Amino acid sequence: MKNFYILVGDENTWKFSFESNYWGFSIRTKGLWRTLEIGDNLAFYVTKPIGKIIGFGKVVKKFENNELYWSDEKFFKKSLWPFKCQFSVIHKIHPWKTGIDPPKGIMLNQGRKKIPQHTFEKLIKLVTPDSKMLEQL
């Protein structure tokens with residue numbers, strides 16, 4: 001059974017993550033990574049000042065390593081997000097400021113937030129009213 005998530009990050013993290021299509025989880029959020037499954041569907045959310053969902057994708061791989069990938073890790077010379085997933089991008093919204101407002105009543109204060117399938121599908125339909133993108137999920 002597929003799950004549906006919103007990945008939450010700031011603008012710089014997303015710019016960097018879209019270069020390789022990687023997302024990372026810390027030791028503190030390892031449980032969120034552990035429950036992530038290949039094939040799960042993702043919405044990409046950029047925090048302030050944009051505050052919009054800027055795209056959609058799918059988990060294609062999960063792995064663990066201590067490679068220093070993100071700029072904060074390189075600055076501190078320490079792996080901060082060793083639990084990683086690779087995602088495919090199905091759709092990105094440009095410019096990001098024209099993205100989709102997040103669902104009302106959902107707190108987006110952590111790196112990954114589970115949402116119901118019907119909520120995810122409503123978000124997709126705000127981008128494209130036909131079902132072509134839904135067929136890819």
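Numbers given for residues are sequential positions, taken from 1 along each chain in its written order. The predicted nature of this model means local features are confined to residues of pLDDT at least 70 and side-chain atom pairs, given and counted, to a pLDDT of 80 or more, with totals for whole chains, interfaces and linings taken over all residues. By convention in this description, side-chain values take in all heavy atoms of the structure and omit both hydrogens and water.

Undergrad: Which parts of the structure should I look at to understand the overall build of the chain?
TA: Helix numbers and strand numbers start at the N terminus; a helix is a DSSP run of H or I with at least 4 residues, a strand a run of E with at least 2. Counting its regular elements, the chain contains 5 helices and 6 strands. Helices (α) and strands (β) of the chain occur, in sequence order from the N terminus, as β-α-β-α-β-β-α-β-β-α-α. What the globule rule says is 2.2 Å times the number of residues to the power 0.38, and the radius of gyration is computed from C-alpha atoms. Radius of gyration (C-alpha) of the chain: 14 Å, near the 14 Å computed for a compact globule of 137 residues. Oriented by its inertia axes, the alpha-carbon framework of the chain measures out at about 45 × 35 × 25 Å. A buried classification covers 47% of the 137 residues belonging to the chain. Using a 1.4 Å probe, the Shrake-Rupley method yields the accessible areas, and only the shown protein chains count as cover for residues. Put simply, the chain shows about 7800 Å² of open surface, and 53% of that area lies on carbon and sulfur atoms. Using a 1.4 Å probe on the protein chains alone, a residue whose accessible area is under 20% of its type maximum counts as buried, one over 50% counts as exposed, and one in between counts as partly exposed.

Undergrad: I'm lost on the environment of Pro82 in this one. Help?
TA: By the secondary structure assignment, Pro82 is in the loop between helix H3 (71–76) and strand E5 (83–92). Separated by 39 residues in the primary sequence, Pro82 and Glu121 have C-alpha atoms spaced 30 Å apart. Non-local contacts of Pro82, meaning those with residues more than four positions away in its chain, are made with Phe25, Ser26, Ile27, Phe63, Glu64, Asn65 and Asn66. Contacts between residues were defined by any pair of non-hydrogen atoms, one from each residue, lying within 4.5 Å.

Undergrad: Any chance you could explain the packing of aromatic side chains here in plain terms?
TA: For any pair of aromatic rings, geometry is given as the distance between the ring centres together with the angle between the planes. Stacked, tilted and edge-to-face pairs are distinguished by plane angle, under 30 degrees for stacked and over 60 for edge-to-face with tilted covering the rest, among Phe, Tyr and Trp rings (Trp via its six-membered ring) whose centres lie within 6.5 Å. Counting across every chain of the model gives 17 aromatic pairs. Ring plane angle 45 degrees and centroid distance 5.0 Å describe the contact between Phe44 and Phe87, whose orientation is recorded as tilted. Placement of Phe44 in strand E3 (residues 41–46) and of Phe87 in strand E5 is noted, with a sequence separation of 43 residues between them. These aromatic residues form a ring-pair network of at least three members: Trp14, Phe18, Trp23, Phe44, Phe87 and Trp96. Look at NZ for Lys and CZ for Arg. If either is within 6 Å of the ring centre and within 35 degrees of the ring normal, a charge sits over the ring. Positioned over the ring face of Phe63 is Lys61, at 5.3 Å from the centre of the ring. It is Lys92 that lies over the ring of Phe18; its NZ or CZ is 4.3 Å from the centre.

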